[in-house]
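Okay, here's what each chain looks like letter by letter:
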Amino acid sequence: MDENLVSWFVMVKFENVSKKFGNIIALSDITFEVEDGEFVFITGPSGSGKTTLLRLLMRELLPDHGKIIVGKQDIVKLEGKEVPFYRQGMGVVFQDFKVLPERTVRENVEVALAVINIPQKEWISRVDHVLKLVGLMERAELFPSQLSGGEIQRVSLARALVVNPKIIIADEPTGNLDWETATQIMDLFEKINKEGKTIFVASHHEAIMKKMGKRVVKLKGGKLVK
Amino acid sequence: MNIHFKTAFSGIRRSPFQAFSAVLVLSVTFFVVTILTISLYASDKLLNYFETRPQVIAFLKDDISSGDISFLQERLAQDMRVKDIKYVSKEEALAIYKEATTDNPLLAELVTPSIFPASLEFSLTDLNYAKDVIEEVKSEAVVDQVGFTANLGGEATLQNTVERLRLITKYVRLGGGVFVGIMLLASFTVLVVIISMRLTTRRGEIEILNLIGATVNFIRGPVIIEALTYVAVGVFLGWILAFIITLYLSPSLVAYFNQIEILPRNTINLFGLFGMILGSELVIGLTLALIGGFLAVSRSLKKK
């Protein structure tokens with residue numbers, strides 16, 4: 001197969017990636033590939049390196065060794081000023097939500113559109129679309145403090161989706177949620193995945209992973225075990 | 001409303017005391033800048049008045065021909081140190097005398113043109129030339145006496161007056177410049193501190209914006225708008241206060257300085273002068289805000 005064609009289909013590739021924090025090995029010689037449109041769970045016990053792996057993918061951290069290829073680009077080599085533009089191509093759902101507490105649900109989602117310079121006249125239709133998708137249309141004018149944990153997580157998801165990203169990264173998106181809400185959130189991820197988005201979900205929620213039946217990348221002590 | 005404006009104004013609304021202190025310091029600074037600019041303008045006008053009025057009067061002898069007068073006038077006109085030379089005949093001298101004594105017509109009736117000498121009046125391009133020029137003119141055969149403008153009290157007094165004015169203007173400029181520099185530095189520091197405080201309170205938001213791909217310019221936008229707002233309000237308040245005070249004092253100043261136009265008497269010109277001051281202050285202020293905003297954001301992002 002033509003090499004360019006291979007790299008086109010391989011959306012994300014970790015190649016011998018290692019990361020240490022002082023003497024603590026967070027990730028050790030990690031190599032794996034994720035294809036375009038694939039849904040991958042990153043799993044493992046606490047401290048196994050799941051979050052570090054996602055932070056490397058977000059280019060929030062740099063590895064000590066190895067390459068991280070996204071599309072055709074080694075993101076390790078990105079210059080500081082290029083990083084925001086790289087991040088604009090992905091949607092991130094954080095474990096601790098990271099919503100803006102002083103902005104309404106609608107404004108939280110709008111911020112993501114403002115960041116990528118979408119004209120203001122397009123905001124209403126795009127925001128309404130994702131709020132309907134995550135079931136928060138009725139809550140659009142409320143502040144995060146007026147929402148439940150599951151609803152806040154959905155705000156975070158709506159913000160990630162509204163920019164129409166190629167890759168979605170979610171760090172323990174169901175960590176603080178009950179089974180029913182967690183299932184709803186994962187159903188949403190599956191729906192989004194069917195639209196062709198590549199999805200990385202860090203989770204240690206065995207039941208959810210079993211229910212979803214997707215590919216699992218398992219880490220233990222910073223090493224890839226599955 | 002644009003998201004950056006919304007963020008900036010909500011920041012101002014949420015921290016009214018920070019906003020108030022920024023505006024207060026900037027208002028005081030630009031009030032002083034406006035008053036100082038007006039003072040410099042007035043002292044320049046005052047100096048210019050004394051420098052350009054006829055400073056030297058060469059009283060001519062009675063028995064000289066018009067050819068001799070023309071010859072001397074021509075020669076002085078070619079002298080680079082001399083400017084605005086004017087011949088005043090005996091009749092014109094009488095007319096000036098009559099005008100000066102309108103309060104007491106009896107004084108004017110007692111005199112005839114013959115008792116007034118004709119004269120050549122002129123100014124000097126620089127008062128430092130006064131001594132030499134006067135000596136040279138005194139030595140002319142057609143010249144009877146030479147003196148500075150009489151009502152200022154003679155040679156030494158006029159020179160002293162102008163020198164004193166120059167010195168005052170110089171110190172007003174120097175002292176004012178230093179003072180304004182210090183005030184601008186204080187305003188700049190206050191602005192940077194307030195913006196940095198705002199960035200500290202927005203640290204969480206900035207972290208989130210960073211993670212979702214916001215560029216430095218996006219993060220900087222609301223901060224710069226906030227700084228520009230403080231500066232615009234501060235400049236305007238300082239300027240308008242100085243303008244009102246100047247308008248209030250104008251009648252007294254006009255009466256005190258009489259024919260010396262230290263401030264424009266025409267309303268349009270006065271507004272024009274203050275308009276120019278406002279424009280310049282806005283440029284200075286906006287530059288301060290931009291530099292302060294950029295500096296504060298850079299420091300804040302580096303700290304992160």
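Structural data are supplied above this passage.
Since the structure is predicted, the reported quantities are computational estimates derived from the model, not experimental observations.

1. Overview of the overall build of chain B
Part 1: Along its length, chain B carries ten helices and four strands.
Part 2: Each helix (α) and strand (β) of chain B, taken in turn from the N terminus, gives the series α-α-β-α-β-α-α-β-α-β-α-α-α-α.
Part 3: For 304 residues, the compact-globule formula gives about 19 Å, and the C-alpha radius of gyration of chain B, at 30 Å, lies well above that figure.
Part 4: Expressed along its principal axes, the backbone C-alpha trace of chain B runs to roughly 100 × 40 × 30 Å.
Part 5: Counting every position in chain B, which comprises 304 residues, the buried fraction comes to 45%.
Part 6: Within chain B, contacts between residues separated by at least 24 positions form 82% of all contacts whose residues are at least 6 apart in sequence.
Part 7: Side-chain charges in chain B split into 27 positive and 27 negative, and the spacing between the mean points of these groups amounts to 22 Å.

2. Regarding unusual backbone geometry
Residue and element names in this part refer to chain A.
Part 1: A positive phi angle, close to 50°, is found at D29, a residue other than glycine.
Part 2: Position of D29 relative to the elements: it lies in strand 2 (residues 24–35).
Part 3: With phi around 65°, R59 is a residue other than glycine that occupies positive phi space.
Part 4: The residue R59 is located in the loop between helix 2 (50–57) and strand 4 (65–70) in this model.

3. Description of the pairing of strand 6 (residues 90–93) of chain A
All names here are of chain A.
Part 1: In strand 6, alternate side chains face the same way, and those of M90 and V92 on one face and G91 and V93 on the other are all buried.
Part 2: Sheet analysis places strand 6 next to strand 7 (residues 167–171), joined by four bridges and oriented parallel. Note that in strand 7 the partner of G91 across the bridge is I168.

4. Some thoughts on the packing of aromatic side chains
Between two aromatic rings, the relevant description is the distance of the centres plus the angle of the planes.
Part 1: Taken as a whole and judged by the stated rule, the model has nine aromatic pairs over all chains.
Part 2: Ring plane angle 5° and centroid distance 5.0 Å describe the contact between F14 of chain A and F32 of chain A, whose orientation is recorded as stacked. Of the two residues, F14 of chain A is situated in strand 1 (residues 10–21) and F32 of chain A in strand 2; the sequence distance between them amounts to 18 residues.
Part 3: You can call F14 of chain A buried: its relative accessible area is 0%.
Part 4: Their ring planes at 40° and their centres at 6.1 Å tell us that F5 of chain B and F9 of chain B sit as a pair that is tilted.

5. Side note on the interface of chain A and chain B
Part 1: Between chain A and chain B, the residue contacts involve 20 residues of the former and 17 residues of the latter.
Part 2: Contact between chain A and chain B buries roughly 1,700 Å² in total, counting both sides, with carbon and sulfur atoms accounting for 63%.
Part 3: Per-residue buried area on chain A facing chain B is highest for R87, R103 and V115 of chain A; these three make up 28% of the total on that side.
Part 4: The tally of links between chain A and chain B comes to four salt bridges.
Part 5: With its nearest N and O atoms 3.4 Å apart, the salt bridge here joins E107 of chain A to K6 of chain B.

6. Description of the sheet that holds strand 9 (residues 215–220) of chain A
Residues and elements named next belong to chain A.
Part 1: Spatial strand order, 6-7-8-3-9-10: six strands in an open sheet with mixed pairing. Every other strand in the sheet has two partners, leaving strand 6 and strand 10 (223–224) as the edge strands with one partner each.
Part 2: With four bridges connecting them, strand 3 (residues 39–43) and strand 8 (residues 198–202) associate as parallel partners. Counterpart to F41 in the pairing with strand 8 is V201.
Part 3: This element, helix 6 (residues 149–162), spans strand 6 and strand 7 of the sheet and lies at about 175° to strand 6.
Part 4: Against the sheet, helix 7 (residues 179–194) makes contact with strand 3, strand 6, strand 7 and strand 8, and its axis sits at roughly 140° relative to strand 3, the strand it touches most.

Reading the values: the criteria
Residues numbered from 1 in each chain as written. Chains lettered and ligands numbered in written order. Predicted model: local features only at pLDDT ≥ 70, side-chain atom pairs only at ≥ 80, totals over all residues. Heavy atoms only, no water. Helix = DSSP H or I, 4+ residues; strand = E, 2+ residues; numbered from the N terminus. Rg over C-alpha atoms; globule rule 2.2 N^0.38 Å. Buried < 20%, exposed > 50% of the residue type's maximum accessible area, 1.4 Å probe, protein only. Contact = heavy atoms within 4.5 Å. Lys, Arg positive; Asp, Glu negative; His and termini not counted. Charge placed at Lys NZ, Arg CZ, Asp CG, Glu CD. Pairing = 2+ DSSP bridges. Phe/Tyr/Trp six-rings, centres within 6.5 Å; stacked < 30°, edge-to-face > 60°. Buried area = accessible area lost by both parts, 1.4 Å probe. Salt bridge = Lys/Arg side-chain N within 4 Å of Asp/Glu carboxyl O. Axes fitted to C-alpha atoms, helices over the stretch in contact; angles between N-to-C directions.

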